[in-house]
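Results of the structural survey
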Amino acid sequence: MRKTYKVGLIGLGGIAKGAHMSAYGRMKNVELAAICDIVPSKIEAFKQRYQLPDDFPAFTDYHDLLNMEGLDYVDICTPNYLHSIIAVDALNKGLNVFTEKPDAVSVAEVTRMKEAAEKSGKVLMAMRNNRHRNTAKFLKKYIADGNMGDIYCGRCGWIRRRGIPGKGGWFTTKEQSGGGPLIDLGVHMIDLAIWLMGNPTPIAVTGCAYTKFADSEVSDSVHSSFGEKKADGVFDVEDLAMGFIRFDNGACLQIEFSWASNIKQEENFVELRGTKSGAKISNLGGLEIFSESYGQLTNIIPLADDMKGIPQHEANLRHFLDVLDGAEPDFVPVQGVNMIKILEAMYQSAKLGHEIKL
């Protein structure tokens with residue numbers, strides 16, 4: 001019989017309720033053992049929503065949760081700047097860690113996470129739910145079988161017309177978020193692209209960042225409802241970032257991420273080009289493969305539906321528990337370090353106006 005793992009959930013906001021708790025409700029090998037949030041009213045509302053008893057272990061200070069006996073891991077769903085801080089403290093306490101993305105808001109912090117995981121011998125994983133899309137899993141196998149040949153370039157992005165989350169709150173406050181759409185959305189599609197490309201090591205980054213819609217109140221995206229808005233809050237992050245990544249194997253990747261820009265419609269996508277075929281995954285068109293056969297160009301459309309099967313966040317959490325049971329992880333901390341190196345270099349390049357070597 002598989003072990004049942006006891007989890008302490010830290011941060012009780014939208015992602016915890018909308019993705020993590022819905023997943024845990026369907027998973028048989030995990031038990032919610034404790035909760036934590038700095039806002040007492042959120043704790044009470046959470047208890048009522050999930051019908052937890054009055055004496056259920058609940059804390060406003062995560063250190064108290066880490067000191068509990070019997071926990072197997074913590075699940076971190078806080079604002080970005082706390083991910084690495086809590087993760088390091090948890091690893092140092094001998095607990096396994098699963099954290100929402102981004103792994104950290106600086107290279108120094110994500111390096112501390114990796115080192116703490118290595119020293120403790122515990123499992124550290126960050127959310128990479130897009131790897132668990134049905135289209136992505138199909139394409140990963142297609143590439144592994146050599147059907148795309150040498151993947152030498154690509155582009156990826158998540159672009160919105162008007163979809164600024166939690167305007168004035170922590171999402172748009174650099175001290176807490178680390179940045180705007182580049183760090184919010186970029187982790188998703190950059191990771192998916194690099195993972196499909198075989199995880200080459202980034203060696204140089206060039207980027208630009210802009211803030212043009214801080215005063216706009218127009219919205220056309222469901223994602224603008226994320227977070228907690230503050231009418232008199234801070235907006236000191238970008239609303240669009242574009243850039244270019246070079247890798248150690250000679251490949252390159254164009255990137256674009258926006259919360260707001262004058263485009264036709266919202267889209268998230270990864271497009272890769274290989275010597276045998278190319279491919280594109282998009283929320284608008286699913287998975288398409290572009291190749292040639294018998295002297296003719298061919299388009300292949302696999303019937304892989306990202307809306308069917310286990311939801312992506314749940315699949316990622318299930319994989320984490322499989323790793324605790326001994327399975328091979330599809331994510332290792334060095335990939336998190338490389339991701340934050342890219343993001344930090346993008347912001348530095350945008351500020352200084354030249355390429356940053358990693």
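Use the structure listed above.
Scope of this entry: the structure provided in the associated data block. (Residues numbered from 1 in each chain as written. Predicted model: local features only at pLDDT ≥ 70, side-chain atom pairs only at ≥ 80, totals over all residues. Heavy atoms only, no water.)

1. So, helix H4 (residues 83-92)
This is how the line gets drawn: Each residue is assigned to one of three classes by its accessible area relative to the maximum for its type, calculated with a 1.4 Å probe on protein chains only: buried under 20%, partly exposed between the two thresholds, exposed over 50%. The way it works is that DSSP assigns letters per residue, a run of H or I at least four long becomes a helix, a run of E at least two long becomes a strand, and they are numbered from the N terminus. Every residue pair with non-hydrogen atoms within 4.5 Å of one another is taken to be in contact.
The element H4 is extensively covered by neighbouring structure, given that seven of its 10 residues are classed as buried. Buried within H4 we find His83, Ser84, Ile86, Ala87, Val88, Ala90 and Leu91. In the core, the buried residues of H4 are packed alongside strand E1 (5-10), helix H3 (62-66), strand E4 (73-76), strand E5 (96-99), helix H5 (107-120) and strand E6 (124-126).

2. What about the packing of aromatic side chains?
To keep things clear, this is the line we draw: Ring pairs shown here join Phe, Tyr and Trp side chains whose ring centres sit within 6.5 Å, with only the six-membered ring taken for Trp; geometry is labelled stacked below 30 degrees between planes, edge-to-face above 60, and tilted in between. Look at NZ for Lys and CZ for Arg. If either is within 6 Å of the ring centre and within 35 degrees of the ring normal, a charge sits over the ring.
Applying the stated criterion to the full structure yields five aromatic pairs. Geometrically, the ring pair formed by phenylalanine 138 and tyrosine 142 is stacked, given 6.4 Å between the ring centres and 20 degrees between the ring planes. Note that phenylalanine 138 and tyrosine 142 are positioned in helix H6 (residues 134-144) at a spacing of four residues, about one turn of the helix. Overall, phenylalanine 138 belongs to the partly exposed group, its relative accessible area being 36%. We classify tyrosine 142 as buried; its relative accessible area is 15%. Summarising the aromatic geometry, the rings of tryptophan 170 and phenylalanine 171 are spaced 4.2 Å apart at their centres and angled 20 degrees between planes, so their arrangement reads as stacked. What links up through ring pairs into an aromatic cluster is the set Tyr73, Phe98 and Phe320. Across from the ring centre of tryptophan 195, 4.6 Å away, lies the NZ or CZ of lysine 140, which sits over that ring.

3. Section: the pairing of strand E13 (residues 286-293)
So the rule is basically this: At least two DSSP bridges between two strands are needed for those strands to be called paired.
Pairing of strand E12 (residues 278-282) with E13 involves five bridges; the strand directions are antiparallel. Residue serine 282 lies in a different strand from E13, and its bridge partner there is glycine 286. Linkage of E12 to E13, two consecutive antiparallel strands, is achieved through a turn of three residues. Both E13 and strand E14 (residues 296-300) contribute to a ladder of five bridges, which runs antiparallel. The residue of E14 that forms the bridge with phenylalanine 290 is asparagine 299. Counted along the chain from E13 to the antiparallel partner E14, the turn is two residues long, and its residue tyrosine 294 has a positive phi close to 55 degrees.

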